[in-house]
Structure formats: structure tokens, C-alpha cells
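What follows is the residue order along each chain.
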Amino acid sequence: MEGVIDSALSATNWRVRENGPCAYDWLSASPEDPNRGYGSCLSNVRDFINAHGADASTIANQLGNGTTSAEVLATAGNETGWGGGFANIGNYFGLHGNGPAGTYYTSSNHTPVQMFSGTDTFMSSGQVFVGNVGRYLSPGMGQNPLGFFSILNAHGYATGNSGYPAAMVQNGRTRGPYTLAMACMAGG
Amino acid sequence: MKKFYQLIFAACLCLGLAHADGQPEHRITAEQAKTLVMTSLSPQQRALPKVEAEQYPPPKNSRFLFFTVSWEGTTNGSVVVGNYAVDPYTGDVWSATSSCEEETNKGLRALQTKVRATLHLSRSQYHQLKTKGPLCD
């Protein structure tokens, strides 16, 4: 299993161990500070990052503007409860409407939710995410996670929850999704 | 709106009791859990058009019931309001995305008091059953 994971991630700058604490091989290009305290790495978050970290890195590069894989992973983790929810229909970014693999209609109100199929639905749903939000990012924005999540909040993410940006990066007794992702990627 | 959810919740409790062969249920039902999740939302979230909660399969060996709350959404945005976990033995509601964040508000506490009374959970029994959330260290 670890060999598969390492092989899949060999093209990226990060690596998470299957057993034991998570580790992140930082490159100098990374804008994130590995010395910040993020707490321990939770197992389900570690599993999520092992499964999708390489794709998140690609998506972050496509978004540009300093966007980090941790911000992409935190967004998807928050949208799906770290791989549950609409990830079960291949949609990791809460995408509304008709998808390439069809449309899921919620049970009570029949809200259309995009469906994705294939071997890498994180990447395919991530491409739609890039198309939806990439236009709103500005240079260097990804280096400020609070700013990144504020932009998402202003453009259709966590609508009705103005506390979303702060909650995503919350640290301390309660840790938000970005902090949880960083905890694994920073070796917590 | 709050009264509406309280009425639904009361109806669910009655159904649960009738289903229990004369004995009180020791677990809440998925419908009851869903009502707890909806009640845990902020007034702004509850006011979103077409807001609803749907259960999804839990991670392996989890004791919790998991729900995604969605709304009508916008064309290029997300339909997700949040993801939540409910302890079926206590009625506690937790975030399924942030670590160790237990949801609470006045209406939710009132409903939880009712469901725990229906389950005949004393205060000490509740504290014995209460566990950490699904994302706690």
C-alpha cells in the first residue's frame, strides 16, 4: 500500500506515510510554514490526503496565485466530511447542477448535484472547481488561507455562514479543516 | 420554523417508542438524528432555500450517524451547507469536518433534553455514554 502511495505521489513535493505520523517533504517553493503548530494528524484526514494529495497539488497549481494543496484538500474535506457526503457520487467540491456522469437529486428538495465517475473523480470534479473559482483569485492570494477561503465564501461556498473563513483555519481546541490538513502535511 | 422541527421531532419520538416493543429505544432513529442536525444549524443556514439533511454511509466502525446538509446552491457554487455526525446513543451533534467541534444552540439543547428523557437517560448515564466526537484527538 505504501509503495502504491509513494509511487502515485512521486511527482509531487509531498508524501504521507501509511503508518506512523504524517510527513511532508517541503520544497522551498512552498508558501506554507512547516514550523507552525497544527496539532496531531487525524487518521481519517491522513487517509484522505494519502488518497487525494497528488491531485490536490495539481489542482492548486492550476488555480495558481499561490494556492496550496492544503487549501484545496481543506476545501474538499469540508465539502465531503473528509471523503463522505457527495464524494460518494464523485463530487468532492459540492458542485451544483448537472455533471458529466449525470445528476443526483437530493431526496427532499431535488436539488441537482453534479455526478462524476471514473478512476479519479477528485481530479475531474476538481477541474470544474478550478473553472468556477479560479477567476476570482488574485496573485499571492493562496499564501493567505483566510483570504483564500474568504474568496470562496464570497463566491458560493458556505453561503449563509460568514464565519466560514475563520472556521476553516481555526486552531486550538477546535481545529478547522485547513489546520487538520496542515497537521498531517507538516508532520504532526 | 423551530416549532415545525420540534413537531416533527416529537412525531419521530412517538414512532420510535411504538416500535420498541414497550421498551424505550436506546438509539435514536436516523430521522430523529436528521432533525437534530437541522436544529443545530444557525438561523441564517436554516433560512437558505431548499435546505435539507441527507444521511450518508459512515466510515468503517464508526458509532456515529453522518449527514450532509445541502441547499439550493448557486450555479457555480456549492450546495453544501455542512457535514455532521450524530451520536445515536446521546443525541450529541458534532461537526464531521472540524476537529472536536460539538454543535450547540438553545433549540438543539432543548431537543436533546427531550430525546435523552425519552431514552430514559439520567444525567449520569448520559455522561457515561457521552464520547468524544468523530474528529477528536
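All values derive from a computational prediction rather than experimental measurement.

A. Region of the structure containing the overall build of chain A. When helices and strands are tallied, chain A shows seven helices and two strands. Taking all 188 residues of chain A together, the buried fraction comes to 51%.

B. Expanded view of the overall build of chain B. Each helix and strand counted, chain B has five helices and four strands in total. Reading the secondary structure of chain B in the N-to-C direction produces α-α-α-β-β-β-β-α-α. The 137 residues of chain B split such that 42% are buried. Sequence separation of at least 24 residues holds for 50% of the intrachain contacts in chain B that already meet a minimum separation of 6.

C. Representation of the packing of helix α2 (residues 43-63) of chain A against helix α4 (residues 121-133) of chain A. Residue and element names in this part refer to chain A. Closest axis-to-axis distance for the α2/α4 pair is 10 Å, and the angle between their directions is 20°. On the basis of the axis angle, α2 is roughly parallel to α4. The two elements α2 and α4 meet at a crossing, and its hand is right-handed. For the pair α2 and α4, the contacting residues are His52, Asp55, Thr58, Ile59, Gln62 and Leu63 in the first and Phe122, Met123, Gly126, Phe129 and Val130 in the second. When its residues are assigned to classes, the contact of α2 with α4 shows six nonpolar, four polar and one charged.

D. Representation of helix α5 (residues 145-154) of chain A. All names here are of chain A. Within α5, the full set of buried residues consists of Pro145, Phe148, Phe149, Leu152 and Asn153. Down the axis, α5 shows its buried residues gathered within 140° of arc, on one side only. Where the residues of α5 are buried, they touch α3 (69-80), α4, α6 (164-168) and α7 (177-185). Within two residues after α5, glycine 156 carries a phi angle of roughly 100°, on the positive side.

E. The arrangement of the interface of chain A and chain B in detail. Opposite the 39 residues of chain A that make contact, chain B presents 30 residues. Of all the secondary-structure elements, those providing two or more residues to the side of chain A that touches chain B are α3 and α7 of chain A. Broken down by element, the residue count for the side of chain A that touches chain B peaks at four residues, all from α3(A). The class makeup of the residues in the side of chain A that touches chain B is 10 nonpolar, 26 polar and three charged.

About the criteria used
Residues numbered from 1 in each chain as written. Chains lettered and ligands numbered in written order. Predicted model: local features only at pLDDT ≥ 70, side-chain atom pairs only at ≥ 80, totals over all residues. Helix = DSSP H or I, 4+ residues; strand = E, 2+ residues; numbered from the N terminus. Buried ≥ 20, exposed ≤ 12 C-beta atoms within 10 Å, placed from the backbone. Contact = placed C-beta atoms within 7 Å. Axes fitted to C-alpha atoms, helices over the stretch in contact; angles between N-to-C directions. Parallel < 35°, antiparallel > 145°, perpendicular 65-115°, else oblique. Left-handed = near helix turned anticlockwise from the far one by under 90°. Nonpolar A, V, L, I, M, F, W, Y, C, P; charged D, E, K, R; others polar. Arc of directions from axis to C-beta.

These figures come from the coordinates and say nothing about function on their own.
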